[in-house]
Amino acid sequence: MTDLDAYERKILRELQGDASLTTAELADRIGLSPSPCWRRVDRLEREGVIRKRVALIDRRKVGLNAHVFAQVKLNAHGRANLDEFSAAIRGFPEVLEAYVLMGVMDFMLRIVAEDIDAYERFFFDKLSKLPGVQEINSVVALSEIKSTTELPI
């Protein structure tokens, strides 16, 4: 669904900034009455435009101080079993995001851990033991310049 009208775009912008808004508050902000606003939000949710509403948590305040990006290259056997690798990655709570890449490396993972020692344990005990893994290049993020979940709608 890409045919969003002006109200739907406003709804999405507002909810990206604060998903806890009540229908009445949202309706007031976008200039609609609550019933048509609720119907639009409901449709956006049913059609999967709004996937879910969540609380965003500061990883450092819950003790996850290491932020690592790992590029993973699979061997030929591993590439033949992408589903197996993908399923294993989905099962690791430390992996926040995983992308299949086009190029020299096969996957990009965004990983959090308590500290570098915890990442090292994850690396050696879990990630590097997955079948088909040929190479892993890890890059530690020192500081965060920009982090947002808001799409430019």
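A brief look at the structure comes next. (Residues numbered from 1 in each chain as written. Predicted model: local features only at pLDDT ≥ 70, side-chain atom pairs only at ≥ 80, totals over all residues. Heavy atoms only, no water.)

### Details of the sheet that holds strand E2 (residues 95–100)
Alright, step 1. With antiparallel pairing, the four strands of this open sheet are ordered in space as E2-E3-E1-E4. Edge positions in the sheet fall to E2 and strand E4 (133–140), since each of these pairs with one other strand and no more. On average, adjacent strands in this sheet sit at an angle of 20 degrees to one another, irrespective of strand direction.
Alright, step 2. For strand E1 (residues 66–74) and E4, the ladder comprises seven bridges, and the chain directions are antiparallel. Bridging across to E4, Ala70 finds its partner in Ser138.
Alright, step 3. Taken strand by strand, helix H5 (residues 82–90) contacts E1, E2, strand E3 (107–113) and E4, and its axis lies near 20 degrees from that of E3. (Pairing = 2+ DSSP bridges. Helix = DSSP H or I, 4+ residues; strand = E, 2+ residues; numbered from the N terminus. Axes fitted to C-alpha atoms, helices over the stretch in contact; angles between N-to-C directions. Contact = heavy atoms within 4.5 Å.)

### Concerning the packing of aromatic side chains
Alright, step 1. Considering all chains together, one arrives at five aromatic pairs under this definition.
Alright, step 2. With a centroid separation of 4.5 Å and an interplanar angle of 45 degrees, the aromatic rings of Phe85 and Phe107 are classed as tilted. In this pair, Phe85 is assigned in helix H5 and Phe107 in strand E3, connecting sequence segments 22 residues apart.
Alright, step 3. A residue is classified by how much of its surface remains accessible, and Phe85, at 3% relative accessible area, is buried.
Alright, step 4. Seen in terms of ring centroids, Tyr119 and Phe122 are 6.3 Å apart; in terms of plane orientation they differ by 40 degrees. Their pairing is tilted. Residue Tyr119 and its partner Phe122 are both found in helix H6 (residues 116–125); the two are separated by three residues, about one turn of the helix.
Alright, step 5. Owing to a relative accessible area of 4%, Phe122 belongs among the buried residues under this scheme. (Phe/Tyr/Trp six-rings, centres within 6.5 Å; stacked < 30°, edge-to-face > 60°. Buried < 20%, exposed > 50% of the residue type's maximum accessible area, 1.4 Å probe, protein only.)

### Description of the packing of helix H1 (residues 6–17) against helix H3 (residues 34–46)
Two numbers describe a pair of packed helices, the interaxial angle and the distance between the axes.
Alright, step 1. In contact at an axis separation of 10 Å, H1 and H3 are set at 75 degrees when each is read in the N-to-C sense. Taken together, the axes of H1 and H3 are roughly perpendicular relative to one another. Within the contact between the two elements, H1 uses Tyr7, Glu8, Ile11, Leu12 and Leu15 and H3 uses Cys37, Arg40, Val41, Arg43 and Leu44.
Alright, step 2. Grouping the amino acids of the contact of H1 with H3 by side-chain chemistry returns seven nonpolar, no polar and three charged. (Parallel < 35°, antiparallel > 145°, perpendicular 65-115°, else oblique. Nonpolar A, V, L, I, M, F, W, Y, C, P; charged D, E, K, R; others polar.)

### Details of the packing of H1 against helix H2 (residues 23–30)
Alright, step 1. Two elements in contact, H1 and H2, have axes whose closest approach is 10 Å; the angle formed by their N-to-C orientations is 125 degrees. Considering the angle they form, H1 stands oblique to H2. By crossing handedness, the relation of H1 to H2 is classed as right-handed. Counted together, Tyr7, Lys10, Ile11, Glu14 and Leu15 of H1 and Leu26, Arg29 and Ile30 of H2 form the full contact between these two elements.
Alright, step 2. Here the residues of the contact of H1 with H2 are counted per class, giving five nonpolar, no polar and three charged. (Left-handed = near helix turned anticlockwise from the far one by under 90°.)

### Description of the nonpolar core
Alright, step 1. Grouped together as the largest cluster of nonpolar side chains are 21 residues, with contacts concentrated most on Val72, Phe85, Ile89, Leu109, Ile111, Tyr119 and Leu127.
Alright, step 2. At the level of elements, E1, H5, E3, H6 and E4 are the ones that each hand at least two residues to this core.
Alright, step 3. Core analysis: the second largest hydrophobic core is formed by 13 residues, Leu21, Leu26, Leu32 and Leu44 among them. (Core = buried A, V, L, I, M, F, W, Y, C linked by side-chain atoms within 4.5 Å.)

### Notes on the pattern of salt bridges
Alright, step 1. Summed over the entire model, instances satisfying the criterion amount to eight salt bridges.
Alright, step 2. A salt bridge links Asp5 to Arg40, with the shortest nitrogen-to-oxygen separation between them at 2.4 Å. Note that Asp5 is positioned in the segment before H1 and Arg40 in helix H3, a separation of 35 residues in sequence.
Alright, step 3. Its relative accessible area of 29% is what places Asp5 among the partly exposed residues.
Alright, step 4. The partner of Glu8 in a salt bridge is Arg43, with the nearest N and O atoms 1.7 Å apart. One end of the pair, Glu8, is in helix H1; the other, Arg43, is in helix H3, and 35 residues separate them in sequence.
Alright, step 5. For Glu8, a relative accessible area of 3% translates into the label buried.
Alright, step 6. Residues joined by salt bridges that share partners form a network here, namely Glu8, Arg43 and Glu47. (Salt bridge = Lys/Arg side-chain N within 4 Å of Asp/Glu carboxyl O.)

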